[in-house]
Structure formats: structure tokens, C-alpha cells
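A closer look at the structure
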Amino acid sequence: MSTFLIIFFIIYGGMHLYALSKLRYAFSFGHMAALPLYLFIVLMILAPLFVRFLERADYLVPTRLLAFFSYSWMGVLLLFVSMELIIDLYRISISLATHTIKKDFARFIPPAGISFVFPLVLSMFIAIYGILDADNIRVERVSIKSPKIPKELGSIKIAQISDLHIGLTVMEGRVKKVLDVIRIEKPDMLVSTGDLIDGQAPALDGISELFHDVRPKLGKYAVTGNHEYYAGLDNTMEFTGKAGFVLLRGASAAVSEVINIAGVDDGQGRSFNDYKGEDEKSLLEGLPDDRFTLLLKHRPLVDEGSVGLFDLQLSGHTHGGQIFPFGLAVRYFFPHMRGLAELGNGSKLYTSRGTGTWGPPFRFLSPPEVTIIEISH
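Residues numbered from 1 in each chain as written. Predicted model: local features only at pLDDT ≥ 70, side-chain atom pairs only at ≥ 80, totals over all residues. Heavy atoms only, no water.

**A closer look at empty space enclosed by the protein**
The method is simple in principle: a probe with the dimensions of a water molecule rolls over the atoms, and the space it marks as empty is what remains. Applying the stated criterion across every chain, the model contains one cavity of 30 Å³ or more. Of the pockets and cavities examined, the largest cavity occupies roughly 40 Å³. Taken together, Lys22, Tyr25, Glu84, Arg91, Ala112, Ser115 and Phe116 make up the full set of residues lining the largest cavity. In terms of residue count, helix H4 (residues 112-133) provides more of the lining of the largest cavity than any other element does, three residues in total. (1 Å grid on protein atoms, 1.4 Å probe; cavity = no way out; pocket = protein on both sides within 12 Å on 5 of 7 lines; lining within 4 Å. Points joined across faces, edges and corners; volume = space filled by probe spheres on them. Helix = DSSP H or I, 4+ residues; strand = E, 2+ residues; numbered from the N terminus.)

**Focus: the sheet that holds strand E9 (residues 312-315)**
If you trace the six strands from one edge of the open sheet to the other, you get E6-E7-E8-E9-E11-E10, paired in mixed fashion. Both edges of this open sheet fall to strand E6 (251-255) and strand E10 (339-344), since each of them pairs with a single strand only. Looking at each pair of strands side by side, their axes are set apart by 20° on average, direction ignored. Pairing analysis gives five bridges linking E10 to strand E11 (residues 347-351), with the strands arranged antiparallel. Each bridged residue has a counterpart across the sheet, and for Gly344 the counterpart in E11 is Ser347. (Pairing = 2+ DSSP bridges. Axes fitted to C-alpha atoms, helices over the stretch in contact; angles between N-to-C directions.)

**What to know about the packing of helix H2 (residues 31-56) against helix H3 (residues 60-101)**
Helix packing for two helices is described by the angle between their axes and how far apart those axes are. For the pair H2 and H3, the least separation of the axes is 9 Å and the interaxial angle reads 140°. One element, H2, and the other, H3, form an angle in the oblique class. Seen along the crossing, H2 lies across H3 with a hand that is left-handed. Residue-level contacts link Phe40, Met44, Ala47, Pro48, Phe50, Val51, Leu54 and Glu55 of H2 to Thr63, Leu66, Ala67, Phe69, Ser70, Tyr71, Trp73 and Met74 of H3. Class assignment for the residues of the contact of H2 with H3 results in 13 nonpolar, two polar and one charged. (Parallel < 35°, antiparallel > 145°, perpendicular 65-115°, else oblique. Left-handed = near helix turned anticlockwise from the far one by under 90°. Contact = heavy atoms within 4.5 Å. Nonpolar A, V, L, I, M, F, W, Y, C, P; charged D, E, K, R; others polar.)

**Some words on the side chain of Lys220**
Its place among the elements puts Lys220 in strand E4 (residues 220-222). For the buried residue Lys220, which engages in no salt bridge, the nearest side chain bearing the opposite charge is Asp213, 7.4 Å off. Engagement of the side chain of Lys220 in a polar contact is seen with the backbone oxygen of Phe211, the distance being 2.9 Å. Within the structure, the side chain of Lys220 is placed 2.7 Å from the backbone oxygen of Ala243, a separation counted as a polar contact. In this view, Lys220 contacts Leu190, Phe211, Val214, Ala243, Gly244, Phe245 and Val246; residues no more than four positions away in its chain are not counted. (Buried < 20%, exposed > 50% of the residue type's maximum accessible area, 1.4 Å probe, protein only. Lys, Arg positive; Asp, Glu negative; His and termini not counted. Salt bridge = Lys/Arg side-chain N within 4 Å of Asp/Glu carboxyl O. Polar contact = N/O pair within 3.5 Å; in protein donor to acceptor, adjacent residues only side chain to side chain.)

**Some remarks on the packing of helix H1 (residues 2-26) against H4**
Contact geometry of H1 with H4 gives a least axis separation of 8 Å together with a crossing angle of 135°. Put simply, H1 runs oblique to H4. The two elements H1 and H4 meet at a crossing, and its hand is left-handed. Taken together, the residues of H4 that come into contact with H1 (itself represented by Ala19, Lys22, Leu23, Tyr25 and Ala26) are Ala112, Gly113 and Phe116. Counted by class, the contact of H1 with H4 contains six nonpolar, one polar and one charged residues.

**Considerations on the pairing of strand E12 (residues 369-376)**
Of all eight residues that make up E12, seven are buried, and the element is covered over most of its length. Summarising the sheet, strand E1 (residues 138-145) and E12 pair through eight bridges and their orientation is parallel. Directly across from Ile144, in E12, lies its bridge partner Ile375. The sheet contact formed by strand E2 (residues 155-161) and E12 spans six bridges and is antiparallel.

**Observations regarding the packing of aromatic side chains**
Taken as a whole, this structure holds 11 aromatic pairs when the rule is applied. A network of ring pairs unites the aromatic residues Phe8, Phe9 and Tyr12 as a single cluster. One residue, Lys220, lies across the ring of Phe245, its end atom 5.6 Å from the ring centre. For the cation-ring pair, Arg270 lies above Tyr275, with the distance from its terminal atom to the ring centre recorded as 4.3 Å. (Phe/Tyr/Trp six-rings, centres within 6.5 Å; stacked < 30°, edge-to-face > 60°. Lys NZ or Arg CZ within 6 Å of the ring centre and 35° of its normal.)

**Brief notes about unusual backbone geometry**
A negative phi angle is the norm for most residues apart from glycine, just as the trans form is the norm for most peptide bonds. The step from Phe324 to Pro325 runs through a cis peptide bond, and the omega angle for that step is 10°. Turning to its location among the elements, Pro325 is positioned in the loop between E9 and helix H10 (326-333). A positive phi angle, near 55°, is found at Asp195, a position not held by glycine. Of note, Asp195 is situated in the loop between strand E3 (189-192) and helix H6 (201-204).

Fair warning: the whole summary comes from geometry, so function is off the table for now.
Below, the structure written as C-alpha cells:
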């Protein structure tokens, strides 16, 4: 976790310095005039730490306000820096063309002021759109055929939520909208593939009770994500239990007479010395192979030794990138970033784009989803 924080603050601080250099290039001013900007930058870089400190001190209202503003700024800055990098690449291309062809292409380079103001304004408009879009829950439908499901049974409908991140910026209103979608769909089973919560106990008050009247006939199951550990595993287990989920930590369960469901802890647990580390392959090998086997695993990473031992792995974690173009970096680490993938030997993987938001409270070109999986013969 400490290594992650060091890398985060180096990158986030560098983004601020890059943006400041663009501002000073567009509108020349001295260090004294820039003093308020320096203070703002320091506050925004340290804001994630202030948010956690205030949250643990139970100052809920100021914490929510600081979290919403500072995390929104984080998203705006990401978009702005991405656009400025594209403009810089364009400038370099024009400069190379000028020196190669020996013609003056300077008129094709936009003025410094416009090159700063236009990306900033566009980033802000995208953020406003993204905040609204994050509230617009989509239903993604996936159909799976399997001879392990008897014809006379018809089909089994599973609703998947992932990465809801209930806490400071994803609150009661968003959770109600998600649960309204699930009630309309009337699934036979509800699963959460990690990062259900992302807050301390005061931020979660009363929210677990919202899940009480969602009672699929085949039950509700969940696994840990990395943020369950950040929020505190005791906190996680209490919330998940109150919400009516069975938390599968290196464990399995028989559901009706045709489905096995297995769940494994997220690897982040190793850093907290609280990891139910039963070998995934061993866990799956112990299940009846004549039943459809559903594997819940937060990260869309495939254990090659497990392929063929499960029929469908449900994962999340990637948020589908959440804010374009961040997804380009996410795909490097997680090739199965979103959607359904065939793994071979009868195994499939579905990666959800996620149902909530983390960090910036908005999405761009990666809308939130509740996934409805229908499994039939």
C-alpha cells in the first residue's frame, strides 16, 4: 500500500506541475502571483489523505464535500493533461515537419492561450456530463448456454454488481437506483464481485438495510475486492452480512442442484495479513463437475491451472477504464478489461465495467452497469 501511495503522489504531483507549466506558458506571471495556485496544488495533492483523516474522525459532511470536489478535480486534471499531451505531440509533429520539409507551418499551431483554455473548459464539460452519466445505470445482458443446465429448468438469471464503492461519493441515492434495477429484473441470484464498499462505518449508516428486501430465491453471494481491505475487513464483513450476502473467502457453496458457486479473496489481503489463501485450483477441483460452476473473483486475472474447472468467472475491478483515456493504461494490465471472453476448455470470463465510481465521481465512455446473466441449456 505504501508503494502504491508513493507512486500515486509522484504521478499526481507531476500532473499538477505539468498543468501549472502550461498555465504559465499561456499566461506569463511571476511566482508571487502563482502563490495561490501553489497552495491549491498542495491542497489537491494532499486531499486524499485529508479525506481519510476526516472520515475516520467522523466529520462526515465536510469529508463528503472535500471528497466530491477534490476527486472531481482529479478527473478534470486527468482529462486536461491527456488533451495537453496530445497538443504537445501535435506541436512536435508540426516542428518536425517544418524542419524536414523546410516550410513554415507555424500558422497551424494554435495560440498558447487557446491551447490551455479549450482543453480546460472541455474537461469541465466532460466532468459534468460524466457525473450525470454515472447515475444512469445500464443493464448489460449476457446469455450463456450450458448442457449442465437441465432443459426442464428453463434458465437461471444472475444479477452481478461490482465496484459499487459505497461510501463518501456513492451514497444512498445511487444504491437505491441500482437496487431498483435489480428488483425490475427479478434475478434468481445476486452476486457482488468485490469493492462493494469504500468507506468507514459512519458513511455506511443505514445503507446495508436497503438490500434487505432484495431476496433472490437462490441467495446473495459476494467476494472481497481490494477496497474491502482498505475500508477494514471487519467493517466489510459487518456491512456485507447486514446486507444479506454470503461472503465467500476461499469457499464454495452448492446452489439448488445444478450450480456450484465458489469465491476467492482478492490478493490485496496478503498485504493486510488477512487472506483466505486456499488455492483456487484446489478449491475448484473439489466441486462436482456435473454442475455449472460459477467462480467469483474480483480481478479479471485468469489462473491457467483453473481453466476448465469452472464454467464462468465473474470479475470487475477495472471499471472498464471509468474515464477515457485511462482505460488504455488499464488494458495493459488487464487484457480482459470488459465484457465476455472465451478462455477455452469450456471456461468463460465476464468482466463488469462496474456499478459505481472510485476516485472521480464520474464516468466517461465507460457507463456503469448491472449485469444480467442468463444461463440455459
